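Remarks on the overall topology
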There are 2 protein chains.
Amino acid sequence: MKISCSKSSLMNGINIVSKAVSAKSTMTNLQCILIEASLSEIKLVANNIEIGIETIIEGNIMEAGKIALDAKILSDFVRKLPDSEILIDTNDNYQVHIRCERLESNLPGTSGEDFNYLPEISKDKYMSISQFSLKEVIRQTIFSISDQENTKIMTGELFEINNDILKVVSLDGHRISIRSVQLKESFDNMKVIVPGKTLNEISKIISGGVDDEIRLYMTDKHILFEFEQTKVVSRLLEGEFYRIEQMISNDYETRIDVNKTEFLNSIDRSTLFIRESDRKPIILNIEQSSIHLNINSSLGSMNEELEIKKEGKDLRIGFNPKFLMDALRVIDDETVTIYMVNAKSPCFIRNEDSSYIYVILPVSIAA
Amino acid sequence: MKISCSKSSLMNGINIVSKAVSAKSTMTNLQCILIEASLSEIKLVANNIEIGIETIIEGNIMEAGKIALDAKILSDFVRKLPDSEILIDTNDNYQVHIRCERLESNLPGTSGEDFNYLPEISKDKYMSISQFSLKEVIRQTIFSISDQENTKIMTGELFEINNDILKVVSLDGHRISIRSVQLKESFDNMKVIVPGKTLNEISKIISGGVDDEIRLYMTDKHILFEFEQTKVVSRLLEGEFYRIEQMISNDYETRIDVNKTEFLNSIDRSTLFIRESDRKPIILNIEQSSIHLNINSSLGSMNEELEIKKEGKDLRIGFNPKFLMDALRVIDDETVTIYMVNAKSPCFIRNEDSSYIYVILPVSIAA
């Protein structure tokens, strides 16, 4: 193989495929990036079995071929090269010779013969969404996936398409996050569970532009994300997702409107008085037209009063402050509406058209 | 004590004195900040014996008094308060009552009776320098102090004043950094060894403005830094500093001029091929009008050629790449001049008026 390309286009490609490089595998190829030059294009590939990425970079091909290189060494080395043209060629012993300005370097490579390419994904079922919307909807739901591998399905997110609506759901046993996104057109109905890790990596790779589209192709076992010169393939999680419809209720006894930023900051302050080992809830006293946040510990005490608009009964209810903060942080509205039934039933943070619903279980508190 | 002040002025004061709070002391007062209100001013104090800081903040004093508070809790709490007026008062049980907007909080305090105030420093001997110059000269020398407590004097920097010249020296047994700064006026001749930790903290606190002066008062045992509303007192290191004059020579067999950025970047790239555990030197081959940087390891190899201007003999010499990079990073000149004698004698990176001299011992290499 003999190719040349700019440092920036090679670095950009390496950064993209590196997201699919295994950090601590002992299987050499999982830690490698494959550079493959055909007659028409230069492709970089990495694949750690869970997720595989390939991207095409610009450059000149003098001789087709391929080579696999340790991803970390390649990435560190290219990052430090001058911002100039890079010439890469390989010999029969899989030595990679790199030239850039007045620098010459040899890196050891391997043949890439047994490299895991991305699986072929049938393109029957797909949806298209702006990179901005996909990135947003991941950010707004990813915090409530579970990291417990024994509840595998909770480590992923439900992507459900009904005509022109994409619904994304994550839950961890204490809370549920639901976001609905209006798509530009209708697609076939689909329902898949995408691993949280995959979504985290996708979020980092896509630019997030409002006008940049990304296409998602789904089969029973895989999802393919296709955008610009890049393809990302991930396994799906197998199984049935939780029936969340039956957990969502519109009944309430107490409904409050509260300024989001004030509420978030107040909860944030109160957490200073909780030692992590204590796992103490914060207590909200909803009375007439205000919430009193109370916290009292060996570290000190705090009492803050927030003005609210209230409908229904007064209520005293306790929460894990992190769960409230996680949800409030990803809501852009100035005022949020919270629906509660009693101190033991889940509370709902929801806007009028239910484009977001955050369900949070309270923590039982002494009466 | 009963005072009020803005969040920003309290936070600013806390940030300054926190640099003298001990992180892991079990002596309570060393982890505390003392707030003391006299009839005329509100002072914050922290003192971990090595270094003590006091600063005056703006505010209103309704009742004089003092209180000591856990520095970390106070700092975390004030940081999260709304950007508004804060009212602080204390009761007879040393409970600290803090009010801010619609928030009330109680933090446990202590009397502050046995708090270590800053020692009184005689102001006979002093020098004055711009904060910018002090910050720069610390940055340009601090990397070559030693972190070995058994060579205590090497953990500090020599500050030597001769008329209107401040000379700052640090060394660690493998290299010496010397910077000379022209002062605006002449001062009494002085020579002290300031702990590196103190200089690091001073660097973080001062704004670094060219027009902001800082005064340094020195006694046999202490140094006092005074600027704006803040005083920092540190112990000095006792003992005689190394006689560096006899280590500095003007003789050379090889003198080269090299582009600083190219040289630095090239060394930086070469370090990728050195495993930390190997401690391999990089080898410079100085031949005619170029340097060849050679590195060869199990990770790969690199050879880069840099154009230079040379005077004297050709030379093959090995260095710890970190030592070269540390020095080159803090030199602002586009071209640096390096003086060498042979592969075993120290090399000197020095400008024409010797306002900087970096001395680096080579690493012996196979012939």
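As shown above, the structure is provided for reference.
It should be emphasised that the depicted structure is a prediction, and the values quoted were computed from it without experimental measurement.

Cut-off values and rules
Residues numbered from 1 in each chain as written. Chains lettered and ligands numbered in written order. Predicted model: local features only at pLDDT ≥ 70, side-chain atom pairs only at ≥ 80, totals over all residues. Heavy atoms only, no water. Core = buried A, V, L, I, M, F, W, Y, C linked by side-chain atoms within 4.5 Å. Buried < 20%, exposed > 50% of the residue type's maximum accessible area, 1.4 Å probe, protein only. Contact = heavy atoms within 4.5 Å. Buried area = accessible area lost by both parts, 1.4 Å probe. Salt bridge = Lys/Arg side-chain N within 4 Å of Asp/Glu carboxyl O. Polar contact = N/O pair within 3.5 Å; in protein donor to acceptor, adjacent residues only side chain to side chain. Helix = DSSP H or I, 4+ residues; strand = E, 2+ residues; numbered from the N terminus. Pairing = 2+ DSSP bridges.

Describing the nonpolar core
Judged by nonpolar contacts, the single largest core of 98 residues is most densely connected at Leu134 and Phe225 of chain A together with Phe263 and Ile349 of chain B. When residues no more than four places from it in sequence are discounted, the contact partners of Phe225 of chain A are Leu134, Val194, Thr198, Leu199, Ile202, Ile214, Arg215, Leu216, Thr230, Lys231 and Val232 of chain A. Counting 97 residues, the second-largest nonpolar core is a separate cluster that includes Leu293 and Leu324 of chain A together with Ala20 and Val232 of chain B.

Some words on the interface of chain B and chain A
In this assembly, 27 residues from chain B lie in contact with 27 residues from chain A. Summed over both sides, the interface of chain B with chain A buries roughly 2400 Å², with 53% coming from carbon and sulfur. Taken together, chain B and chain A are joined by six salt bridges. A salt bridge links Lys80 of chain A to Asp268 of chain B, with the nearest nitrogen and oxygen atoms 2.7 Å apart. Here chain B is connected to chain A by 14 residue pairs in polar contact (both at pLDDT 80 or more). Secondary structure elements with two or more residues in the side of chain B that touches chain A: helix 2 (71-79), strand 9 (103-110), helix 5 (260-270) and strand 19 (300-312) of chain B. In terms of residue count, strand 19 of chain B provides more of the side of chain B that touches chain A than any other element does, seven residues in total.

Observations regarding unusual backbone geometry
The phi dihedral of Glu101 of chain A is positive, around 50°, even though this residue is not glycine. Within the secondary structure, Glu101 of chain A sits in the loop between strand 8 (95-100) and strand 9 (103-110). Look at Glu101 of chain A and you get exposed, because its relative accessible area is 56%. Even without a glycine there, the phi angle at Glu228 of chain B is positive, about 40°. Inspection of the secondary structure puts Glu228 of chain B in the loop between strand 14 (222-227) and strand 15 (230-235).

Overview of the pairing of strand 4 (residues 51-57) of chain B
All names here are of chain B. Across the seven residues of strand 4, six count as buried, placing the element largely inside the fold. Pairing of strand 3 (residues 42-47) with strand 4 involves six bridges; the strand directions are antiparallel. Paired with Asn47 across the strands is Gly52, a residue of strand 4. Counted along the chain from strand 3 to the antiparallel partner strand 4, the turn is three residues long, and its residue Ile49 has a positive phi close to 80°. Of the pairings in the sheet, the one linking strand 4 to strand 15 comprises five bridges and is antiparallel in character. By the bridge assignment, Ile53 is partnered in strand 15 with Val232.

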